[in-house]
There are 2 protein chains.
Amino acid sequence: MKITEMKVTPVSIADAPLRNSIGIHEPYVGRIVVELVSEDGVSGFGESAFSTQMLADLESVRDVIVGRDALQITQVRQIIDSRLHPEAKDSLDGVLQAFDLTPRRKTTAVERTFSPIEVASLDLVGQSFGVPVCDLLGGRVRDAVPFSAYLFYKHAGGGGEGDDARDEIYPEAMTAKAVVAQAKQMIAEYGFPSIKLKGGVLPPDDEIEAIHQLRAAFGPDVPLRIDPNCAWTVETSVHVGKELAHELEYFEDPTPGIDGMSAVRKELLAAGIEMPLATNMAVTSYAEIQESVEKDAVQVILGDHHYWGGLRSIAELGRLCETFGMGLSMHSNSHLGISLMAMTHVAAATPNLTYDADTHYPWLHPEDDVIEGGKIAIKDGAVGVPSTPGLGIEIDRDALARGHERFQRVPYRDRDDIGYMRRTVDPDWEKLLPRW
Amino acid sequence: MKITEMKVTPVSIADAPLRNSIGIHEPYVGRIVVELVSEDGVSGFGESAFSTQMLADLESVRDVIVGRDALQITQVRQIIDSRLHPEAKDSLDGVLQAFDLTPRRKTTAVERTFSPIEVASLDLVGQSFGVPVCDLLGGRVRDAVPFSAYLFYKHAGGGGEGDDARDEIYPEAMTAKAVVAQAKQMIAEYGFPSIKLKGGVLPPDDEIEAIHQLRAAFGPDVPLRIDPNCAWTVETSVHVGKELAHELEYFEDPTPGIDGMSAVRKELLAAGIEMPLATNMAVTSYAEIQESVEKDAVQVILGDHHYWGGLRSIAELGRLCETFGMGLSMHSNSHLGISLMAMTHVAAATPNLTYDADTHYPWLHPEDDVIEGGKIAIKDGAVGVPSTPGLGIEIDRDALARGHERFQRVPYRDRDDIGYMRRTVDPDWEKLLPRW
């Protein structure tokens, strides 16, 4: 199963003006599609976030990949680890720097570079053997993988610019009422069994109100989560935690850092509130787990195979979380169908992945995905686990070419949520973590 | 890759009169060979320790296995977990009870039952796909897996009884001088790069002397280890640790329990001695890791795919140990070539498995293995990682039948190191952990 070719294709996809704690999504977001071709002419695909550094890092390891057996993938991780320049390890992803997370992410560059290669190689191996990717990971423990409705405060518009501007799928939502409407629209279309609100945008009491209104609208049985991306102090986090003690399935990244999360946990426990804290920011790599466990900082890790070094690594993370009494859920950024399917396969194979996963997929415009036959179906809130070989998707090469042409045409490269916030919403905008 | 047949074959193999802290090996030890046959007529093999309960547990899950796709193996673990009777979980292995370890091993019965099934299914899948088992685990990170010379205090004799009595491979060794001679003989034949002495047999100062004599005989660069199987109090363990501060690569299970190991660690650190403590007794399942980490009880875990639930589980354990700054080595009991090859494949695929692994394989009489072509070669202390499909071994069905016939003929079933010690060495023998 010798790899004879590695194609690295950056694409731009329209992104709606979604708000978060540091700013707003620009009209386009970049993704990188990695294709590995075997000597038998089989192609496997993986996908990663785009950054200029990431693109350079992927290009820099091409010689490690081409000529290698697709089954010899752990070697690749070791070589990338030995190869990537220590400084590159700090500068991989602009948005991580924006969130001040890079100092803790030294090893993450290796895992991020390795991830799309590992996924593509598993896709290639699965197709070559005629079995789904999940069967390369021990087989499925579930036949469908449930996701949560991922709500955002947002301005009007659907992303893209000029001739490429997209109709908005979801209208402006800057109030609790509009967020409830967004949830109703999304759940009507996809049937998601749980709801996550990206917070950190409005003053905390407004977001508490949004959660209460979601509870009122959807009844007592729909799990709710809020993720303000470190927008709150420990004090504010504890305040919100107390207000929402009976509402939240878990409370994601209210405040920055392991020490901050640990302090929130301690105060909530002291108040008799057992609500698990979840994270995709305080703990984003194996290097941070030991300290987090020692300080009981988080009780749910939102794994993300893009950050954590691929699908086998998420399976290993599942076992680790189980061992330390932690839950495992899944994080998402804006992404294509390739990553949705990679998430689906690893979730299918990982017993401890018992929370509904996050996905931005409802926000992706159908014309921007690169999957043959259009976007992957989400039914009753879940993606069916394919029984077809590999990831179980065919790539629409015309759509991929259009995405790349768009990338060449538009000026957006590394994410700049802060700058775009200044240019379009508030010229005096400052990143403040925590803000409240 | 549907499994159409599951064959469970207990065999008896001659075992030399090796001493340990609770007694002596009986003339025969049982192993169980598990064969899974696919509808295409491919056979995959796995091996486990024998116990009456284990045999019953394996038989009790036959209906879970037959009819299932060999790739759907994580499901099997879940079903075994739901199926095995809670009391069975405590009584799986006589020797574990003898060591007073069962109260901590509730989940181990599930993992032990699952392990030979998982190995057999990986062997079957690898053969069906035409790739070695290590390639199903991410591929090899090393081409040969080094093992250590596993020395024992022993009485004269080679094991077996009557017409089946085996010539002794290694003569009586009840003194430091004889232990050095055993090491020389074993290393001359196999080239092992490191040495482990099974201790807990002679008074501690005699065993300290044995380590010093091994150091004198083999020079400063050969890693040495001692494993008294919990024969010593904390105080004695600290005494030995201080005496051997400059000699031991790691110090295995000097004293019982996580609290005991933690106390030894603390006192050694206080004395400025950084020697890692290793275990196959204080921590033998995922259920014990969190407490061990909290108490810094062990710094090296001796994984054993028979205890820990198969090869993927050992790979996961490797990641977990790395995450918490622990080393991973490999434990062994008396075993056949099937398990040696399973150990070799998982060690080949696991980056953090950086210590030379334990193996009893030199103690196995060539006429007792069940591998076509005789015992697997160990060269320069290492087993080459096969490139042939599956585990890379062929089973000698005549040898397997002879082993089973021997099992039916001899009276030895569950291990009884204590009783045999009373019958052959010391009628007043009592198990005492710690003894000194």
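See the structure shown above.
Parameters and conventions
- Residues numbered from 1 in each chain as written.
- Chains lettered and ligands numbered in written order.
- Predicted model: local features only at pLDDT ≥ 70, side-chain atom pairs only at ≥ 80, totals over all residues.
- Heavy atoms only, no water.
- Helix = DSSP H or I, 4+ residues; strand = E, 2+ residues; numbered from the N terminus.
- Rg over C-alpha atoms; globule rule 2.2 N^0.38 Å.
- Buried < 20%, exposed > 50% of the residue type's maximum accessible area, 1.4 Å probe, protein only.
- Contact = heavy atoms within 4.5 Å.
- Areas by Shrake-Rupley, 256 points an atom, 1.4 Å probe, with all protein chains shown as cover.
- Lys, Arg positive; Asp, Glu negative; His and termini not counted.
- Charge placed at Lys NZ, Arg CZ, Asp CG, Glu CD.
- Least-squares fit on C-alpha atoms with pLDDT ≥ 70 in both.
- 1 Å grid on protein atoms, 1.4 Å probe; cavity = no way out; pocket = protein on both sides within 12 Å on 5 of 7 lines; lining within 4 Å.
- Points joined across faces, edges and corners; volume = space filled by probe spheres on them.
- Nonpolar A, V, L, I, M, F, W, Y, C, P; charged D, E, K, R; others polar.
- Right-handed = clockwise from strand over helix to strand, strands pointing away.
- Pairing = 2+ DSSP bridges.
- Axes fitted to C-alpha atoms, helices over the stretch in contact; angles between N-to-C directions.
- Core = buried A, V, L, I, M, F, W, Y, C linked by side-chain atoms within 4.5 Å.
- Phe/Tyr/Trp six-rings, centres within 6.5 Å; stacked < 30°, edge-to-face > 60°.
- Lys NZ or Arg CZ within 6 Å of the ring centre and 35° of its normal.
- Patch = residues over 30% accessible without salt bridge, like charges linked within 9 Å, V, L, I, M, F, W, Y side chains within 5 Å.
- Salt bridge = Lys/Arg side-chain N within 4 Å of Asp/Glu carboxyl O.
- Parallel < 35°, antiparallel > 145°, perpendicular 65-115°, else oblique.
- Left-handed = near helix turned anticlockwise from the far one by under 90°.

Novice: Sorry if this is basic, but what is going on with the overall build of chain A here?
Specialist: A count of helical and extended segments in chain A gives 16 helices and 14 strands. Its C-alpha radius of gyration of 20 Å places chain A within 12% of the 22 Å reference for a compact globule of 436 residues. Along the longest, intermediate and shortest principal axes, the C-alpha atoms of chain A span 60 × 50 × 45 Å. Burial status across chain A gives 66% buried among its 436 residues. Intrachain contacts of chain A at a sequence separation of at least 6 include 75% that bridge at least 24 residues. As presented, chain A carries roughly 14,400 Å² of accessible surface, and 49% of it is formed by carbon and sulfur atoms. If the 41 positive side-chain charges of chain A are averaged to one point and the 67 negative ones to another, these points end up 2 Å apart.

Novice: Before we go on, may I ask you to explain the relation of the copies chain B and chain A in this structure?
Specialist: Between the two copies of the chain lies a rotation about an axis combined with a shift along it. You can overlay chain B on chain A at an RMSD of 0.0 Å; the transform is a turn of 180° with a shift of 0.0 Å along its axis. A rotation of that kind, with that shift, is consistent with a two-fold axis. When each C-alpha of chain B is compared by its distance to the rotation axis, Glu316(B) comes out closest, at 2.5 Å. Take the interface residues of chain B: 100% of them recur as interface residues in chain A, which is what a same-surface contact looks like.

Novice: What exactly am I supposed to notice about the layout of surface pockets here?
Specialist: In this model, the second largest pocket occupies a volume close to 190 Å³. In terms of lining residues, the second largest pocket is bounded by 13 residues, among which Gln290(A), Glu294(A), Val293(B), Glu294(B) and Asp296(B) are the most central. Contributing elements (two or more residues each) for the lining of the second largest pocket: helix H11 (289-294) of chain A together with helix H11 (289-294) of chain B. When its residues are assigned to classes, the lining of the second largest pocket shows five nonpolar, four polar and four charged.

Novice: I'm lost on the pairing of strand E9 (residues 224-227) of chain A in this one. Help?
Specialist: Remark: a regular strand shows side chains that alternate across the two faces of the sheet. Residues and elements named next belong to chain A. Across the two faces of E9 the burial is the same, with Leu224 and Ile226 and Arg225 and Asp227 all buried. Where the polypeptide runs from strand E8 (residues 195-198) across helix H8 (residues 204-218) and back to E9, its parallel neighbour, the crossover connection is right-handed. Bridge count between E9 and strand E10 (residues 248-252): three bridges; the pairing is parallel. Its bridge partner being in E10, Leu224 is matched across the sheet by Leu248. Crossover connection from E9 via helix H9 (residues 234-243) to parallel E10: handedness right-handed.

Novice: Is there a simple way to think about the sheet that holds E10(A) in this case?
Specialist: Sheets are built from strands that pair by backbone hydrogen bonding, the pairs being arranged parallel or antiparallel. Residues and elements named next belong to chain A. With parallel pairing, the seven strands of this open sheet are ordered in space as E7-E8-E9-E10-E11-E12-E13. The strands lining the two open edges of the sheet, one partner per strand, are strand E7 (149-152) and strand E13 (327-330). The mean angle between the axes of side-by-side strands here comes to 25°, regardless of whether they run parallel or antiparallel. This element, helix H7 (residues 176-190), spans E7 and E8 of the sheet and lies at about 150° to E7. Along the sheet face, helix H13 (residues 311-323) touches strand E12 (300-303) and E13 and points at about 150° away from the line of E13.

Novice: So what exactly am I meant to see when it comes to the sheet that holds strand E5 (residues 43-49) of chain B here?
Specialist: Residue and element names in this part refer to chain B. As summarised here, the arrangement of the three strands in space is E1-E4-E5, forming an open sheet in which the pairing is antiparallel. Edge positions in the sheet fall to strand E1 (3-14) and E5, since each of these pairs with one other strand and no more. Strand-to-strand twist of the sheet, defined as the mean angle between neighbouring strand axes without regard to direction, takes the value 20°. Relative to strand E4 (residues 28-38), E1 runs antiparallel, the two sharing eleven bridges. Note that in E4 the partner of Ile13 across the bridge is Val29. In the packing of helix H1 (residues 52-60) onto the sheet, contacts are made with E1, E4 and E5, and the angle to E1 comes to roughly 170°.

Novice: What is the right way to read the nonpolar core from this model?
Specialist: The nonpolar side chains of a soluble globular protein tend to be buried, and buried together. In terms of nonpolar packing, the biggest core is built from 256 residues, with Ile117(A), Ile289(A), Ile117(B) and Ile289(B) touching the most fellow members. If near-sequence neighbours (up to four positions away) are discounted, Ile117(A) is found in contact with Met6(A), Leu36(A), Leu58(A), Val61(A), Ile65(A), Ile73(A), Val76(A) and Ile80(A). Core analysis: the next-biggest nonpolar cluster, separate from the first, contains twelve residues, Met281(A), Tyr412(A), Ile418(A) and Met421(A) among them.

Novice: Where do I start with the pairing of strand E4 (residues 28-38) of chain A in this structure?
Specialist: All names here are of chain A. Within E4, eleven of the eleven residues are buried, which leaves it mostly tucked inside the rest of the structure. By the alternation rule, side chains of E4 split into Tyr28, Gly30, Ile32, Val34, Leu36 and Ser38 and Val29, Arg31, Val33, Glu35 and Val37, which are all buried. In this structure, the hairpin formed by E4 and strand E5 (residues 43-49) is closed by a connection of four residues, where Gly41 is found at a positive phi of approximately 85°.

Novice: What's the story with the packing of aromatic side chains in this structure? I'm lost.
Specialist: Counted by the stated rule, this structure contains 20 aromatic pairs over all chains. Ring centres of Tyr170(B) and Trp363(B) lie 4.8 Å apart, and the angle between their planes is 55°; this geometry places the pair in the tilted category. Pair noted here: Tyr170(B) is in the loop between strand E7 (149-152) and helix H7 (176-190) and Trp363(B) is in the loop between helix H14 (337-349) and strand E14 (382-384), with a separation of 193 residues, a long-range link. Summarising the burial analysis for this pair, Tyr170(B) and Trp363(B) share the class buried. Taking 6.1 Å as the distance between ring centres and 50° as the angle between the ring planes, the aromatic pair formed by Trp232(B) and Phe251(B) counts as tilted. Taken together, the positions of Trp232(B) in the loop between strand E9 (224-227) and helix H9 (234-243) and Phe251(B) in strand E10 (residues 248-252) put the pair 19 residues apart, joining distant regions of the chain. On the basis of relative accessibility, which here comes to 0%, the residue Trp232(B) falls in the buried class. When its relative accessible area of 0% is taken as the criterion, Phe251(B) is described as buried. An aromatic cluster is built from Tyr150(A), Phe152(A), Tyr170(A) and Trp363(A), whose rings are joined through pairwise contacts. Just above the ring of Tyr361(A) sits the side chain of Lys375(A); from NZ or CZ to the centre is 4.6 Å.

Novice: Honestly, the environment of Phe129(B) in this entry has me stumped. Any pointers?
Specialist: For Phe129(B), the position within the fold is in helix H6 (residues 108-129). In this structure Phe129(B) comes out as buried when scored by relative accessible area, which is 14%. Other than its neighbours up to four places away in sequence, Phe129(B) contacts Phe129(A), Val131(A), Met1(B), Leu71(B) and Leu136(B).

Novice: Looking at this model, I keep getting lost on a negative patch on the surface. Mind explaining?
Specialist: Residue and element names in this part refer to chain A. A contiguous patch of negative charge, built from Asp205, Asp206, Glu209 and Glu243, is present on the exposed surface. Of the residues forming the negative patch, the biggest block, three residues, is contributed by H8. Counting through the fold element by element, Asp206 comes out in helix H8.

Novice: Sorry, what's going on with the packing of H1(B) against H6(B) here?
Specialist: All names here are of chain B. Where H1 contacts H6, the two axes come as close as 10 Å, and the packing angle between them is 60°. Compared by their axis directions, H1 and H6 come out oblique. H1 and H6 meet at a crossing whose hand is right-handed. Residues Met54, Asp57 and Leu58 of H1 lie in contact with H6, whose contacting residues are Arg112, Thr113, Pro116 and Ile117. Grouping the amino acids of the contact of H1 with H6 by side-chain chemistry returns four nonpolar, one polar and two charged.

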